[in-house]
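# Residue-level structural notes
The residues making up each chain are set out below.
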2 protein chains.
Amino acid sequence: MVNNNCKELTSKETIARLLEGDNWLILTHNYPDGDTIGSAYALGEGLKQLGKKVQVVCSDVIPNKYEYLTSAVTWDTFKPTHLCAVDVADPRLLGEGLEEYASRIELCIDHHGSNTHYANNLYLKNYAACAMIIYELLQEMGVTITTSIAEALYTGIATDTGCFRYTNTDSLTHQMAADLLKLNIRLHHINRVNFDIKSRSRLDLEQMALASMRYDWDGRCAIMAITKEMIKKAKASENDLEGLASIPRQIEGVWVGITMREVETGSFKVSIRTGPSVDACNIAKRLGGGGHVAAAGCNLEGPLDVAMAKLLNAIRLSVPDVEKEHDDE
Amino acid sequence: MVNNNCKELTSKETIARLLEGDNWLILTHNYPDGDTIGSAYALGEGLKQLGKKVQVVCSDVIPNKYEYLTSAVTWDTFKPTHLCAVDVADPRLLGEGLEEYASRIELCIDHHGSNTHYANNLYLKNYAACAMIIYELLQEMGVTITTSIAEALYTGIATDTGCFRYTNTDSLTHQMAADLLKLNIRLHHINRVNFDIKSRSRLDLEQMALASMRYDWDGRCAIMAITKEMIKKAKASENDLEGLASIPRQIEGVWVGITMREVETGSFKVSIRTGPSVDACNIAKRLGGGGHVAAAGCNLEGPLDVAMAKLLNAIRLSVPDVEKEHDDE
């Protein structure tokens, strides 16, 4: 799917492309998050302000919590002539029903270093959120940043940085938030629905997963299991699982945080997160998996006890001969 | 303890006071948090830069997680001539061992509207964090904001706003963060220790508290219990309880979130948090308590079942005759 003719654009060239088309279809990625939706809505409203016809599409239903964005705008009905994908690193992420567009995307605006250059033209910047790129483009195009556009941009920026908590947060991220907060956005509501509210199912699942937590290696390794039975009991959906895998590594003193998720009965997808002195990829490779130094994964066959024993063995073989006093943070 | 002679100062007058003294003792509040410590350390380092002798004191041990601030500075040993309290709304918050200073505090710098005007001079600004006030003062005094001062200020600002998530966050909060992030601060470490890491005890307690969650009023009311037995079993300290009371109101669809904490065997301290359409104070008043419209509290005698029944009854009497469709967010 890699397009060798993909041309990387400057901001000026990107704006020229955007101004060329009069009927834009803006494509988001599947399992939509705040950044793809925020980027699409902000760009869409900006283009409408410039007299363009715009539609925003997503192969999945946009989650209810983004209702504060979606209810404010009505998109146009028309036959699109130009296609722009936002925050979509790979055409496979367009999802079911949008495959037909994959090979003829005029312009992709993205912040993922892993972008596969599938579009005819690509505007890529290594920002914390795609919405940060859109913000700059809109300002350069002379679009008035309305409250509604500001809410879309803030949503993208805040969600992709874990509300300014993740390591991708930098001075520019905060600078943009400072500017957007001057535009009377519904900050309390946006932060509450994105960072505060949890579903009952999520909370029930979290409780069961926490109850499964086991420690090894003098508390430096924490293992949590999420079984099919727990998911069923909690009536949890895929959304409810988001972020759960980060819990074990959040525990004080834990260097290796493991989450074992039962994907098929008796078969586990293992997520390995590690601190500075342990190589997660090294552990994963011993079990036929792979990944990065701080986050890796593999698949293991159950039952749970057997899989866990294999895992602990691999960890013991992979870790350096460390002093207990060593500070891992 | 209210001092009728307390004079409210302007920033210029505050700076004049600070420059007057040569030997400053900076006082923080007990159960120290990131804002009181960050404010004290930033102000202390700033005054040292201007040639003053400085000591920072706290009646409680400063939690280990702030080691990134405390290990970087050595305070002077001397007989203080001037006393400045930061982020201390009431002299009782100075805590054990510091009472002797309560009546002779030259200057208080604070952001709490509830400040009791106990000091001889008060510089009060309604900012999200006391560290924001300190930041402005240091700049006005011509202090160079070093990386170490920036880390102290960022700690105060980020912790008192829940990492830019709480409703007190505004444009200026983000603007200051944007400026501080240009100074090469250890953002990843600071965010990790303040917003990511949880103790094993905290996680165990959270699991047990979540397991106790009960729902009423078609899921609009959630009640969670924290018993003495749970605290003992989890080996939890007072620090481990921080923020737990906010969990019930975080649940999707919940208008009234209740946390019942057993303080003496069979005796409960009840925290009531509500959404826009329910008055928490109204509920609390029916049970002999009080508070604000969105957060109130009362004390109830057990056993747990009896206390819970009383509480549910008070809620039913207090709530408006609402439609199920009513959107409470």
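For the structure itself, look to the data block above.
Residues numbered from 1 in each chain as written. Chains lettered and ligands numbered in written order. Predicted model: local features only at pLDDT ≥ 70, side-chain atom pairs only at ≥ 80, totals over all residues. Heavy atoms only, no water.

### Re the overall build of chain A
For chain A, the helix and strand inventory stands at 12 helices and 12 strands. If you line up chain A on its principal axes, its C-alpha atoms span 65 × 45 × 40 Å. Put simply, chain A has 329 residues, and 57% of those count as buried. At a minimum sequence separation of 6, the contacts of chain A that also span at least 24 residues come to 66%. Accessible area for chain A stands at about 14400 Å²; split by element, carbon and sulfur atoms hold 48% of it. Each charge sign in chain A was given a centre, from 33 positive and 44 negative side chains, and these centres are 3 Å apart. (Helix = DSSP H or I, 4+ residues; strand = E, 2+ residues; numbered from the N terminus. Buried < 20%, exposed > 50% of the residue type's maximum accessible area, 1.4 Å probe, protein only. Contact = heavy atoms within 4.5 Å. Areas by Shrake-Rupley, 256 points an atom, 1.4 Å probe, with all protein chains shown as cover. Lys, Arg positive; Asp, Glu negative; His and termini not counted. Charge placed at Lys NZ, Arg CZ, Asp CG, Glu CD.)

### Things to note about the relation of the copies chain A and chain B
When chain A is fitted to chain B, the residual RMSD is 0.2 Å, and the transformation amounts to a turn of 180 degrees plus an axial shift of 0.0 Å. The two molecules are tied by a two-fold rotation axis, judged by turn and shift. (Least-squares fit on C-alpha atoms with pLDDT ≥ 70 in both.)

### So, the sheet that holds strand β12 (residues 295-301) of chain B
Residue and element names in this part refer to chain B. One open sheet accounts for 6 strands, arranged β7-β8-β9-β10-β12-β11; its pairing is mixed. Across the chains shown, the open sheet's two edge strands, defined by having one partner strand only, are β7 (214-216) and β11 (290-291). Sheet strands touched by helix α12 (residues 304-318): β7, β8 (221-226), β9 (256-264), β10 (267-274) and β12. Its angle to β9, the strand with the most contacts, is close to 145 degrees. (Pairing = 2+ DSSP bridges. Axes fitted to C-alpha atoms, helices over the stretch in contact; angles between N-to-C directions.)

### Description of the nonpolar core
Counting 108 residues, the largest nonpolar core has A:L43, A:I109, A:Y154, B:L43, B:I109 and B:Y154 as its most contacted members. Ranked by size, the runner-up nonpolar core spans 36 residues in total, among them A:A222, A:M230, B:L203 and B:L244. (Core = buried A, V, L, I, M, F, W, Y, C linked by side-chain atoms within 4.5 Å.)

### Observations regarding the interface of chain A and chain B
Of the residues lining the interface, 40 residues belong to chain A; the matching set on chain B comes to 40 residues. Of the roughly 3700 Å² buried where chain A meets chain B, counting both sides, 57% is carbon and sulfur surface. In this structure, the connection of chain A to chain B is made through 2 salt bridges. Measuring nitrogen to oxygen at the nearest pair gives 3.0 Å for the salt bridge that ties A:D196 to B:R165. (Buried area = accessible area lost by both parts, 1.4 Å probe. Salt bridge = Lys/Arg side-chain N within 4 Å of Asp/Glu carboxyl O.)

### Let's talk about the packing of helix α2 (residues 34-49) of chain B against helix α5 (residues 147-160) of chain B
Residue and element names in this part refer to chain B. Look at α2 against α5: their axes get within 7 Å of each other, and the N-to-C directions meet at 155 degrees. Relative to α5, the element α2 is oriented roughly antiparallel. At the point where α2 passes α5, the crossing takes the left-handed sense. Contact residues: G34, D35, G38, Y41, A42, E45, G46 and Q49 in α2; S148, I149, A152, L153, T155, G156, T159 and D160 in α5. (Parallel < 35°, antiparallel > 145°, perpendicular 65-115°, else oblique. Left-handed = near helix turned anticlockwise from the far one by under 90°.)

### Details of the pairing of strand β2 (residues 23-27) of chain B
All names here are of chain B. Most of β2 is tucked away, with 5 of its 5 residues classed as buried. Because side chains alternate across β2, one face comprises the buried residues N23, L25 and L27, and the other comprises W24 and I26, equally buried. Across 5 bridges, the pairing between β2 and strand β3 (residues 53-57) is parallel. Considered in β3, the bridge of I26 is made with V56. As defined by bridge partners, β2 adjoins strand β4 (residues 82-86) across 4 bridges and the pair is classed as parallel. Residue pairing in the sheet places L27 in a bridge with A85 of β4.

### A closer look at the sheet that holds β3(B)
Residues and elements named next belong to chain B. Strand order in the open sheet made by the 6 strands is β1-β6-β5-β4-β2-β3, with parallel pairing throughout. Taken across any chain shown, the strands that pair with only one partner, and hence form the sheet edges, are β1 (7-8) and β3. Contacting β1, β2, β5 (107-110) and β6 (121-124), helix α1 (residues 11-20) crosses the sheet at an angle of about 130 degrees to β5. In the packing of helix α4 (residues 130-140) onto the sheet, the strands contacted are β4, β5 and β6, and the crossing angle to β5 comes to about 115 degrees.

### Focus: helix α7 (residues 187-196) of chain A
Because each turn of an α-helix spans 3.6 residues, side chains separated by three or four positions in sequence point in the same direction. Buried residues dominate α7(A), accounting for 7 of its 10 residues. Of the residues making up α7(A), those classed as buried are A:L187, A:I190, A:N191, A:R192, A:V193, A:N194 and A:D196. In this structure, the buried side of α7(A) is in contact with α3 (67-70) and α5 (147-160) of chain A together with α10 (247-250) of chain B.

### Points about the pattern of salt bridges
Once the charged atoms of two side chains with opposite charge are near each other, the side chains can pair. Residues and elements named next belong to chain B. Counted by the stated rule, this structure contains 30 salt bridges over all chains. K7 is paired through a salt bridge with E13; the nearest N and O atoms lie 3.7 Å apart. The class of K7 is partly exposed, set by a relative accessible area of 40%. By relative accessible area, which is 31% here, E13 ends up partly exposed. The closest approach of N and O atoms between K48 and D76, which form a salt bridge, is 3.9 Å. Remark: D76 occurs in the loop between α3 (67-70) and β4 and K48 occurs in helix α2; sequence separation between them is 28 residues. On the accessibility criterion, D76 (22% relative accessible area) is partly exposed.

### Quick word on unusual backbone geometry
In this structure, the amide linkage connecting A:G302 to the following residue, A:P303, adopts the cis form with an omega of 5 degrees. You can see A:P303 is positioned in the loop between β12 (295-301) and α12 (304-318). With phi around 55 degrees, B:H117 is a residue other than glycine that occupies positive phi space. Residue placement: B:H117 occurs in the loop between β5 and β6. One non-glycine residue, B:F164, lies in positive phi territory at about 70 degrees. Tracing the backbone through its elements, the reader meets B:F164 in the loop between α5 and α6 (171-180). On the basis of relative accessible area, B:F164 is assigned to the buried category, the value being 0%.

### Regarding the packing of aromatic side chains
With the rule as written, the count across this model stands at 7 aromatic pairs over all chains. When the centroid spacing of 5.1 Å and the interplanar angle of 65 degrees are considered together, the rings of A:Y41 and A:W75 count as edge-to-face. One end of the pair, A:Y41, is in helix α2 (residues 34-49); the other, A:W75, is in the loop between α3 and β4 (82-86), with 34 residues separating them in the sequence. In this structure A:Y41 comes out as buried when scored by relative accessible area, which is 6%. The ring of B:Y215 has A:R200 sitting right over it, with the charged end atom 3.4 Å from the ring centre. (Phe/Tyr/Trp six-rings, centres within 6.5 Å; stacked < 30°, edge-to-face > 60°. Lys NZ or Arg CZ within 6 Å of the ring centre and 35° of its normal.)

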